[in-house]
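So the chains spell out like this:
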Amino acid sequence: MLLPALALTLLLAVPPPPSITLDATKARADVALLRRALETLHPGLHRYRDKAGTQAAFARLEAAASRPITDLALWREVSLLLAGIHCDHTKAELPEALEAWRRAQPTHLPLRFKLIEGRMIVVSNDGQPGAPPPGSELVAINGLPVPRVLPTLGRTVAYDGSTDQAIAAKLASDSDLMGDDFNEAWPAFHGFPSRWELDWKRPGERQPTHVTLEPIPFTQWTSLAWPGSPYRDEFYKALHWRLDGRVATLRIDTFVNYRNPVHPEAFLGAFFKTLKARGVEHLVLDLRESGGGSDEVAVALLRHLLPEPFVWLKPARLKAIRYGDLPQHIESWGNRQELFEPPLEDFRRMKDGTWERLPPPDEAARQPREPSPDRFTGRLTVLTGPMNASGATMTIAHLKERGGARLVGEESAGSAEGPTAGRIFLLTLPHGGVRIRIPIAWNRTNIEHFVAGRGVPVDETVIPTLLDFEAGRDRVAEVARASAPPAVPSLASALAGDWSGTLDYRDFGSDRRVVLPTLLTVTGEGEEARLAFTFDDGPGKTVRASQVLRIRAGLESEEGRSTERMRILERRGGRDARELTLVAEGTGHENGAPVEVRTVLTRRGDALSLSRLTRRPGEPFLLRHVYRLAPQEPPPQGP
């Protein structure tokens, strides 16, 4: 009885969260203040959602506040409203006392994960006995199937415009708030966990393993191994570079330069002087981890990469420059007189009612900046992805439009035309204590070509796969650095043969996982492969099915009389003659609702994986089914 008693002692030693319950009068007053502040201050309130949609969102929040509500539940409802604005700089913080409690007490998941091919893949753990190892997959958390957890928590994720590819990335890693949006949002929907009940399995395994783990404190969570940028990274320690002959790689994981500021020109200048001295011909700039930060870092980087003088920003637009009594509820940095009563002559009123800031003569962001004498003049490749936002996305947009950079990876999140950002006002709701970050300016990138509501599209799509992760491969970097693309095998030659393994699928009713032993025979020629499946569906029950995969203008999948057509995002060979990565997307229906569909087919040596992922708008891709197969061993020969 020692261990249960010890666990009970530890549980009792954790003080309860300092949560409060607001009566309806106080809750309605907080919501009314929030609504007035957003309608007065936020220049992007109706940028991506029309007024009718905003009114409906406020009505839902007001209904939630019409009865007693805890501060944590108020945070949840406010976060759902703010996420619908689709502004990455607009989000809710917990009340100070509750946030301090969360930072000190064990509430975090004792592992780090990434969403890969619609699966919650473990990256590292804290070493508790039975913890799921790196590479394993979480299939249920505290009794809830993962496909029911992630879309719910993902509804609180803030991102710009229609870049909902950011949801999967931010659920796993986000240097705002509580480190990732999974841990940030979980308590608001499911309460603070006294333990984590996890079901996990390795890819291809038939049965999951169940384990009970203790939560860990936030500071311990931040020390868990992570391949990307650490929590609250800073520019002065976020630069990593290497030289390989005439090819150089520079990785910048953040532009944040305001906590421990350094001179970005000096920091970057030494690197670019070295490139010039060494005669480097190809620079791979890896910005995949950067969510933005400080303008002076972006400008310094562009001075070393753009061939002509440039202006970083167009004039900023504000919704208001006088705020009534709102400043008594608002905190921000800088001189309050200058913040809340700027001279009217510093602005001009636009036809749409907004205020355009007139640039002071010494404002660097609006002055033409000359290229550095040590600027790089060779070939530039930039690696991008869904972690990009804010100033990082704006930098990528400049490099594409003005520098002719080749972009490799996945389309960035953020806003290429510029986010609502700049000065951030922190509005504190007086009764519930929830704090709201409200940007007051639309920072407009000085570019001409963009798609409203999107990031920056890539020239070559490279989508990381689970087999890449298991092999420790960074295919995005491989493609960027390759002198020539590898040969791409035909569909039939990559898949032909006899295979055995499993079909692992998500039950349509329960979302629980079902795994069936599977045999596959693939025949065909050229870009047509005929797949014949045999499934072991229990004692005495054998099921057979067939499918034809065909590449024409896109990927066609034919099953019986039904043909599904998808556009190909990536089709690439690799290190050996049969290696293939094929990623395609289309539309379909799931339980009667329209969904986006993604197929991921990968052949790596003796491993073959064929996944189908689906998602509804505003949700991450989630696994629908996956075949995990290896070459079938020939039957033993007789004597």
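For clarity, every value in this text was computed on a predicted model and none was experimentally measured. (Residues numbered from 1 in each chain as written. Predicted model: local features only at pLDDT ≥ 70, side-chain atom pairs only at ≥ 80, totals over all residues. Heavy atoms only, no water.)

Draft legend 1. Quick look at the overall build of the chain. Helices and strands together make up the secondary structure of the chain, namely 16 helices and 31 strands. At 26 Å, the chain has a C-alpha radius of gyration in line with the 26 Å of a compact globule built from 639 residues. Each of the three principal axes of the chain carries a C-alpha extent, and together these read 95 × 70 × 50 Å. Counting over 639 residues, the chain shows a buried share of 53%. A separation threshold of at least 6 residues defines the contact pool for the chain, and within that pool the share at least 24 residues apart is 67%. For the chain, the exposed area adds up to about 27500 Å²; of that, 53% sits on carbon and sulfur atoms. Of the side-chain charges in the chain, 81 are positive and 81 negative, and the distance between the mean point of each set is 2 Å. (Helix = DSSP H or I, 4+ residues; strand = E, 2+ residues; numbered from the N terminus. Rg over C-alpha atoms; globule rule 2.2 N^0.38 Å. Buried < 20%, exposed > 50% of the residue type's maximum accessible area, 1.4 Å probe, protein only. Contact = heavy atoms within 4.5 Å. Areas by Shrake-Rupley, 256 points an atom, 1.4 Å probe, with all protein chains shown as cover. Lys, Arg positive; Asp, Glu negative; His and termini not counted. Charge placed at Lys NZ, Arg CZ, Asp CG, Glu CD.)

Draft legend 2. The arrangement of the sheet that holds strand 12 (residues 282-286) in detail. Here we have six strands laid out as an open sheet, ordered 10-11-12-17-18-21, and mixed in their pairing. Of all strands in the sheet, those bounded by a partner on one side alone are strand 10 (239-244) and strand 21 (460-461). Relative to strand 12, strand 11 (residues 247-252) runs parallel, the two sharing five bridges. Looking across to strand 12, one finds that L250 is bridged to L285. Relative to the sheet, helix 13 (residues 390-403) contacts strand 12, strand 17 (379-384) and strand 18 (406-409), its axis offset from that of strand 17 by approximately 145°. (Pairing = 2+ DSSP bridges. Axes fitted to C-alpha atoms, helices over the stretch in contact; angles between N-to-C directions.)

Draft legend 3. Quick look at the sheet that holds strand 29 (residues 593-604). Strands sit in the order 22-23-24-25-26-27-28-29-30-31 around a closed barrel of ten strands; the barrel is antiparallel. Ignoring strand direction, the axes of neighbouring strands in this sheet form an average angle of 25°. Both strand 23 (residues 513-525) and strand 24 (residues 528-536) contribute to a ladder of eight bridges, which runs antiparallel. Opposite T518, over in strand 24, you have F535 as the bridge partner.

Draft legend 4. Main features of the confidence of the model for the chain. With 96% of its residues at a pLDDT of 70 or more, the chain shows a mean pLDDT of 95. Predicted confidence for residues 1-12 stays below pLDDT 50, and this span has one contact to residues more than four positions away or in other chains. (pLDDT = per-residue confidence, 0-100.)

Draft legend 5. Representation of unusual backbone geometry within the structure. Positive phi values are uncommon outside glycine, yet H86 reaches one of about 60°. In this structure, L177 is a non-glycine residue whose phi angle is positive, near 60°. If you trace the backbone, L177 turns up in the loop between helix 7 (166-172) and helix 8 (181-190). Under the relative-accessibility criterion, L177 is labelled buried at 12%.

Draft legend 6. The pairing of strand 29, seen in detail. Judged by how many residues are buried, strand 29 sits mostly within the fold: nine of twelve residues are covered. Pairing geometry for strand 28 (residues 580-590) and strand 29, over eleven bridges, is antiparallel. Note that in strand 29 the partner of E590 across the bridge is A593. A loop of two residues connects strand 28 with strand 29, the two strands running antiparallel in sequence, and N591 in this loop sits at a positive phi of about 50°. Where strand 29 folds back onto strand 30 (residues 607-615) in an antiparallel hairpin, the turn is made up of two residues, including G605, whose phi is positive at roughly 60°.

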